[in-house]
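Below are the chains, spelled out letter by letter.
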Amino acid sequence: MSEISFDASPYPVRDDIVASERAAWARLGRAGSWWSGPERPAIAAEARHALACPLCLARKEALSPRQVSGMHASLGALPAAAIEAIHAIRTDPGRLTRDWYQEALAHGLDEERYVELVAVVVTTVVVDTFHRGLGLPMPALPAAAVPGVPSRRRPKRAQVHHHWVPTLAPQDVGEDEVNPYEGNRAANIHRALSLVPEEVINFFDLGGAHYLTGAQMTDLGNEPRAIDRAQIELLAARVSALNQCVY
Amino acid sequence: MIWLRASEEKTGKRYDLSGVNGKGADDGGIDHGRLLVAFAEAVLGDDEARLDQVRRRLLDAIGPEALVDSAAVVALFNAIDRVADATGTPLEPTKSEASEDFRASLGINDYYAAAGKF
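The structure reproduced in this document is the subject of the present report. (Residues numbered from 1 in each chain as written. Chains lettered and ligands numbered in written order. Predicted model: local features only at pLDDT ≥ 70, side-chain atom pairs only at ≥ 80, totals over all residues.)

1. Considering the overall build of chain A
At step 1: Helix and strand counts for chain A come out as ten helices and two strands.
At step 2: Its helices and strands in sequence order give chain A the pattern α-α-α-α-α-α-β-β-α-α-α-α, from N to C terminus.
At step 3: Computed over its C-alpha atoms, the radius of gyration of chain A comes to 18 Å, within 12% of the 18 Å expected for a compact globule of 247 residues.
At step 4: Each of the three principal axes of chain A carries a C-alpha extent, and together these read 50 × 45 × 40 Å.
At step 5: Summarising the internal contacts of chain A: among those between residues at least 6 apart in sequence, 67% fall at separations of at least 24. (Helix = DSSP H or I, 4+ residues; strand = E, 2+ residues; numbered from the N terminus. Rg over C-alpha atoms; globule rule 2.2 N^0.38 Å. Contact = placed C-beta atoms within 7 Å.)

2. Points about the nonpolar core
At step 1: Counting residues in hydrophobic clusters, the biggest one holds 106 residues, and the most contacted among them are A:I86, A:V118, A:V121, A:L193, B:L76 and B:V83.
At step 2: In contact with A:V118, not counting residues within four places along its chain, are A:I89, A:L193, B:V83, B:A86 and B:T87. (Core = buried A, V, L, I, M, F, W, Y, C linked by C-beta atoms within 7 Å. Buried ≥ 20, exposed ≤ 12 C-beta atoms within 10 Å, placed from the backbone.)

3. Here's the deal with the environment of A:D205
Residues and elements named next belong to chain A.
At step 1: Within the secondary structure, D205 is located in helix α8 (residues 197-210).
At step 2: The class of D205 is partly exposed, set by 19 C-beta atoms lying within 10 Å.
At step 3: Separated by 184 residues in the primary sequence, D205 and E21 place their C-alpha atoms 9.1 Å from one another.
At step 4: Not counting residues up to four positions away in its chain, the partners in contact with D205 are S20 and A23.

4. A look at α8(A)
At step 1: In this model, α8(A) (14 residues) spans 20 Å end to end at C-alpha, consistent with the 20 Å of a helix rising 1.5 Å per residue.
At step 2: Along α8(A), eleven of the 14 residues are buried, which leaves the element largely enclosed by surrounding structure.
At step 3: For α8(A), the full list of buried residues reads A:P197, A:E199, A:V200, A:N202, A:F203, A:F204, A:L206, A:G207, A:G208, A:A209 and A:H210.
At step 4: The inward-facing, buried residues of α8(A) abut α1 (15-28), α6 (111-133) and α7 (188-191) of chain A together with α4 (64-87) of chain B. (Expected span 1.5 Å × (residues − 1).)

5. Focus: the interface of chain A and chain B
At step 1: Tallying the contact residues gives 61 residues for chain A and 57 residues for chain B.
At step 2: Those elements giving two or more residues to the side of chain A that touches chain B turn out to be α5 (98-106), α6, α7, α8 and α10 (229-242) of chain A.
At step 3: Ranked by residues supplied to the side of chain A that touches chain B, first place goes to α10(A) with 14 residues.

6. Remarks on unusual backbone geometry
At step 1: Non-glycine residue A:R152 carries a positive phi angle of around 55°.
At step 2: Counting through the fold element by element, A:R152 comes out in the loop between α6 and β1 (159-160).

Just geometry here; none of it tells us what the structure is for.
This is how it looks when you write it as C-alpha cells:
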C-alpha cells in the first residue's frame, strides 16, 4: 500500500499537512459513496494523465474549448463522460460552463458520481500541487485495497439551489445523515460538494491543514502560519487569477 | 481577496492588489509579495528550471517553514478553484458586494467563468 511520506523532503512539513494528505490518500483507495475502490484511484490517475493530453492542450490554446474536437488521450479505465469531465476540470477549469455540465449528465454521468469525481480530482490536485511546489516527486497513487461497494447514500433533501449541481442546505440535513457543515460556515464553497457530504468533510480536512481552518480564517488577530495573512491571501488570489476563478 | 481586504481593515495597512493579476511593479505592501506571486506562477506553470529558481529565492527570503506554508496555500487554492468552477458555485451576495470595486479594477468580471456568478 502506498503512503505519503515527506522523509526525503529537505523542508519541514507540518504534521497536520502530512496527516491530512495520508488520510486523503487512504480514502482514495477505498470505495466512496458512488465510485468503487478501483474506480477512485483510476480517476486520480486519469487526472494526472490529463496534463499531457494533446486534445486538452489544443483546447487550452483555443479561443473556445468547444472549437476543438477529438479524443482525449486516456488510460481507458473509465467511461468517456468521466474522462471528459476529469480532463476538463484538471486542465481548463476556468472555462467550464453549465451547458458543459449538462452535457456530462446527458452523456451518462449522474449528478452524484459527477460530484464525487470532482472531489477525487481536487484531492489529487492538492497533493500533487503541494509536492510540485516543494520540488518533490508526485507520490504513488494508492492501490485499491479492496474493491468495496459504494454506499450510494444521497441526502434525501438535496436539490438544485444556486449551484449547477444539487446541494444540501444546512437546514435540510437529515438526523440520520452525515452533516457536512460541522466546523465550517456553510458558505457556497462548502455547499458545492454537499451532494456527497463525506467529500465536503474530506476536502476541507485538506483545506484546514494546507490553508486555514474555519476558525483560523475568521480569527484575524492571530497568525497561525509561518507566512502572514496578507501573504496567504496574495498567494490564494494569484492562484485564483491564474485559474480564472471568480469565487 | 475578501480576506485580504479584511486583513487591511485589521492591520490598517493598505495593499496594492495589482500583483493579483500579475501586474504588480513591487511587493504591493506585502512582505516578499512579488516573490510570492512569482512562486505561485511557477508552481502552476510548466517551466521546471524557473520553478527551481523561484523556490530557492523564496527559501532564502522567508525560510523553510514559510516556503512549506506557501506551497500548501498554492496547492489548496489550485484545487478549491476547481471545486468552485466545476460545480457552478456562485459568489454570495455579501461577498459580491464587498468585492465589486476590485473585481472591476482587476478585470475579474471579464473572466470566462464570471457569467452568472454574481
